[in-house]
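Coordinates in review
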Amino acid sequence: MGKLPDANTVEALQRITGVQIQRRYGEGATDFDHRTQPAITVRGLTQVQNFIDGRASYSASGGRALDLEGVPPELLSGIDVYKNAPSNIIEGGVGGAVNLRTRKPFDAAGQVVSMTAKGNYYDRVDKFGGSISGLYSNRYDTGIGEIGVLFNAVYSKSQYRQDGLLAGPFGPIPTGTTIAGAPTNAQVPFGFEIYDDTGDRKRLGVAAAIQWQASDAVLVTAQYQGTKYWFNRTGAYYYDYNNRNVTDPLPGGTFTWNDEGYATSGSIRNQTFETGRFDQELWSATQNMTFNVAWDVNDRMKATFDAQYLTSYYNADRNGHVLSLYTQAGQTALTTPHATTVDFDLRGKYPRWDVRNPGLLNTAANYTTPFVADSLQRNEADQLALAYDLEYDMEGSFLSKLRGGARYADNTINLRGTWNGVCLSALGADPSCSAPAGTALIPLTRNPQLAMPGPSKNWFDGNTVVNGLLYPAFPAGDGVWAQTKALYALFGARTKDAFTPGDLNEQTEKTYTVWGVADYAGELGGIRIDGGVGVRLVKTEATSIGTQFATVAVPGGGTRQVLSPISVVNDYTRALPSFNVRARFTDELQARFAFSKGLARPNFDQLSTNLTLNNPNQVNPITGRPSAGSGNPRLRPIESDNYDLTLEWYFASAGSLTGGVFYKKVNGFLAGGTVVQSYNGVAYDVGTTVNSGNGTVKGAEIGYQQFYDFLPGLLSGLGLQANYTYVDSNVSNPFASPGTNIPQQVPLEKLSKHSYNLGPVGIQRELMTAATR
């Protein structure tokens, strides 16, 4: 993979059949505000286990995935994707597993020196970026055996600008409003929004390895991989904010409609706007240190001892700043002096919308400064894993090999995060946002430096908000946090600079695993078959430590909040069997069938145990119980039964055509929900995350890759890589209820039914041959 021109490891993964990615901020990446959700799916599922050289790895974001977009692909020699993992593969993904393979000095016969350089030009943001990498590897004969050393380093920087125009949501035409030609199922937008994202990324990757062939029977390998990732983002948004729950199409306006009844052009009235800017700085790092001893005990038995220590941190500074066309607290689009009519047209190459009074959006005197926000995140995680594996060759029997092993892993993660918002009015900074309706908001003219013109140059080719608008601006400062503090100082407000008990959660997780696989090989009806049958037995012990916040009554009236530490233990044991068989019809044509059970543990942020018990005297009139909110450290893992059938044709040493069908039955998808739990003798309705959804994922895929070695000269290194995947999912909807029009079954989020990848490639044919084997 490191030889292909991919911006990051996420984009490298889309070359593999059955892998889908999402793109954010100009590259294959996940949303900054949802970092615990991976940027990739395997056959429609986001619960994908991540490995570095076969060892479980994750970042400290609060999820279970490694931050793949922060890993430079130049560090890798290849990527393996397990879509139906056998029992020897570490558990953790119902969608599959992704293994990042790094280089080792004994991979090459002798000295290797390599340097690469790449330059990029990003036309929307009009900036340059690129990457540079270097690798040195060599082997030396010494008096204590052969020793190999390798060092690999990569640095890259990229830029981006992401322009977005959003229409909707849509709703019905209000009763009494007449629109000529409107269909009976007509839907018009509540309003419109644009966003204007710019930023940059930097990646630094370092890998080192030492291998020592101590004797013919003993190989010792020590490796280090370290990655650092910096992401800087300026996100400016301009959005309708009408404070109304009905649409307002212009009576007598001219509209067009699509076949589903949605308006594709027209006019909506009584629209007012706010604009928000949210700057973010992320810096994270992961270090993975491993030690491995492989020992050929005798001609038939091999033993391997492996130790891994992984450490990671994930830090982020964030802020928020809003400008508004409202002048007083409590206004709606019907009472603000700055409402307008919007004309829109969603047809053609570029959608567009604009206001009828052109000077409204770009005049500073129309705006106020109602809200500022700040946020800090400082997460840390580490993992110690020890494994011992044995392999015994049966020499010629139908059972060709017996394999087994044991693994112990000890994980600790500390989640630390704040969120602090302050409303601003003529009464001053108001953290409770309790200023009464009619209170004047602070005019922008008091601090005119807090606005900047927008949108960006040539935004959507200049067809929307043609006369421009204003975005929020921050005072000067060295970095996001310094700018945030300077902004707060202008209004006499304070940032939240320290973590309080509600911002903290510590979790430990220990897993104890034993596994065994019996490999077999022989003939059945003249067809060569081989495969394996095995089982993986896993015990998980997890502890989540946090704080309980309880509102209690005090003598004489009123309430007070009582804080107390809480610790919740959750343990479970699962048996995960697997079976796979390959039928080799010829040396070029083969079929495979595989079955396995898999599990995916909930994300660490979902297992947080902080609990808030609201006033027990304020009850829900329907349930008769007070409310509470919490993470859910008692969540059970998501589990799946996986079935695969493939047909593979290796028609050339550098070409293949493969196809397959698959089916997954999944139990325990996670969703927001309410459970009843008792605390201090009182039953509460606790809003939390629950295991509520069951469903199926099924589909088919086909992949083709070939290097055209029959072409003359340098052209013989050219090739084509193509794949297509169809995925259909059906999951129970936790928000559905009998007697409503809410569907009982829904597809998985972040899932495209159809995905494909097509691209020319040109690398050495020997790499393709090795991958095919």
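Residues numbered from 1 in each chain as written. Predicted model: local features only at pLDDT ≥ 70, side-chain atom pairs only at ≥ 80, totals over all residues. Heavy atoms only, no water.

1. So, the overall build of the chain
Looking only at helices and strands, one finds 3 helices and 39 strands in the chain. Of all 773 residues assigned to the chain, the portion counted as buried reaches 50%. Taking the contacts inside the chain whose residues are at least 6 apart along the sequence as the reference set, 72% of them involve residues at least 24 apart. Averaging the coordinates of the 64 positive side-chain charges in the chain and doing the same for the 69 negative ones gives two points 2 Å apart. (Helix = DSSP H or I, 4+ residues; strand = E, 2+ residues; numbered from the N terminus. Buried < 20%, exposed > 50% of the residue type's maximum accessible area, 1.4 Å probe, protein only. Contact = heavy atoms within 4.5 Å. Lys, Arg positive; Asp, Glu negative; His and termini not counted. Charge placed at Lys NZ, Arg CZ, Asp CG, Glu CD.)

2. Considering a nonpolar patch on the surface
Side chains of Met-289, Phe-291, Phe-305, Tyr-309, Leu-384, Leu-386, Tyr-388 and Leu-390 sit close together on the surface and give an oily, nonpolar patch of about 670 Å² of accessible area. In terms of residue count, strand 22 (residues 368-393) provides more of the nonpolar patch than any other element does, 4 residues in total. If you trace the backbone, Tyr-388 turns up in strand 22. (Patch = residues over 30% accessible without salt bridge, like charges linked within 9 Å, V, L, I, M, F, W, Y side chains within 5 Å. Areas by Shrake-Rupley, 256 points an atom, 1.4 Å probe, with all protein chains shown as cover. Salt bridge = Lys/Arg side-chain N within 4 Å of Asp/Glu carboxyl O.)

3. Quick notes on the pairing of strand 33 (residues 627-630)
Of the two faces of strand 33, the one lined by Ala-628 and Ser-630 is fully buried and the one lined by Ser-627 and Gly-629 carries no buried residue. As defined by bridge partners, strand 32 (residues 611-613) adjoins strand 33 across 3 bridges and the pair is classed as antiparallel. Note that in strand 33 the partner of Leu-611 across the bridge is Ser-630. Note that strand 33 and strand 36 (residues 682-707) share 3 bridges and pair parallel. Bridging from a neighbouring strand, Ser-627 pairs with Asp-685 of strand 36. (Pairing = 2+ DSSP bridges.)

4. Details of the pairing of strand 30 (residues 559-584)
Note that strand 29 (residues 527-553) and strand 30 share 26 bridges and pair antiparallel. Residue pairing in the sheet places Phe-549 in a bridge with Leu-563 of strand 30. Between strand 29 and strand 30, which pair antiparallel one after the other, the connecting turn spans 5 residues, and Gly-556 there sits at a positive phi close to 90°. Note: strand 30 against strand 31 (residues 589-600), 7 bridges, orientation antiparallel. When the sheet's bridge partners are listed, Ala-583 is paired in strand 31 with Ala-591. Between strand 30 and strand 31, which pair antiparallel and follow one another directly, the connecting turn spans 4 residues.

5. As for the environment of Gln-213
Of note, Gln-213 is situated in strand 14 (residues 192-215). Taking the C-alpha atoms as reference, Gln-213 lies 8.4 Å from Ile-144; in sequence the two are 69 residues apart. Excluding residues that lie within four positions of it along the chain, Gln-213 makes contacts with Phe-106, Ile-144, Gly-145, Glu-146, Val-218 and Leu-219. A polar contact is formed between the side chain of Gln-213 and the backbone oxygen of Ser-215, at a distance of 2.8 Å. (Polar contact = N/O pair within 3.5 Å; in protein donor to acceptor, adjacent residues only side chain to side chain.)

6. Details of the sheet that holds strand 17 (residues 263-271)
Sheet architecture is open: 4 strands sit in the order 16-17-20-21, paired in antiparallel fashion. Strands with a single pairing partner mark the edges of an open sheet, and in this sheet they are strand 16 (256-257) and strand 21 (352-355). Where strand 20 (residues 340-345) lies against strand 21, 4 bridges are found, and the strand directions are antiparallel. Among the inter-strand pairings, Asp-343 is bridged to a residue of strand 21, identified as Asp-354.

7. Some points on the pattern of salt bridges
Applying the stated criterion to the full structure yields 35 salt bridges. A salt bridge links Asp-343 to Arg-356, with the nearest nitrogen and oxygen atoms 3.0 Å apart. Of the two residues, Asp-343 sits in strand 20 while Arg-356 sits in the loop between strand 21 and strand 22, which places them 13 residues apart along the sequence. By relative accessible area, Asp-343 is classed as partly exposed at 26%. You can call Arg-356 partly exposed: its relative accessible area is 48%. The closest approach of N and O atoms between Asp-530 and Arg-582, which form a salt bridge, is 2.7 Å.

8. Things to note about the packing of aromatic side chains
This model, assessed by the stated rule, comprises 27 aromatic pairs. An angle of 40° between the planes, with centres 4.6 Å apart, marks the rings of Trp-459 and Phe-460 as tilted. Assessed through its relative accessible area of 2%, Trp-459 is described here as buried. Under the relative-accessibility criterion, Phe-460 is labelled buried at 13%. On the numbers, 5.1 Å between centres and 40° between planes, the contact of Phe-595 with Tyr-643 is tilted. Placement of the pair is Phe-595 in strand 31 and Tyr-643 in strand 34 (residues 638-652), with a sequence separation of 48 residues. A relative accessible area of 19% means that Phe-595 is categorised as buried. Through successive ring pairs, a cluster of aromatic residues spans Phe-192, Tyr-238, Phe-255, Trp-257, Phe-273, Phe-344 and Trp-353. Sitting over the ring of Phe-604, Arg-64 keeps its end group 3.9 Å from the ring centre. Note that Lys-202 overlies the ring of Trp-230, its terminal NZ or CZ placed 5.5 Å from the centroid. (Phe/Tyr/Trp six-rings, centres within 6.5 Å; stacked < 30°, edge-to-face > 60°. Lys NZ or Arg CZ within 6 Å of the ring centre and 35° of its normal.)

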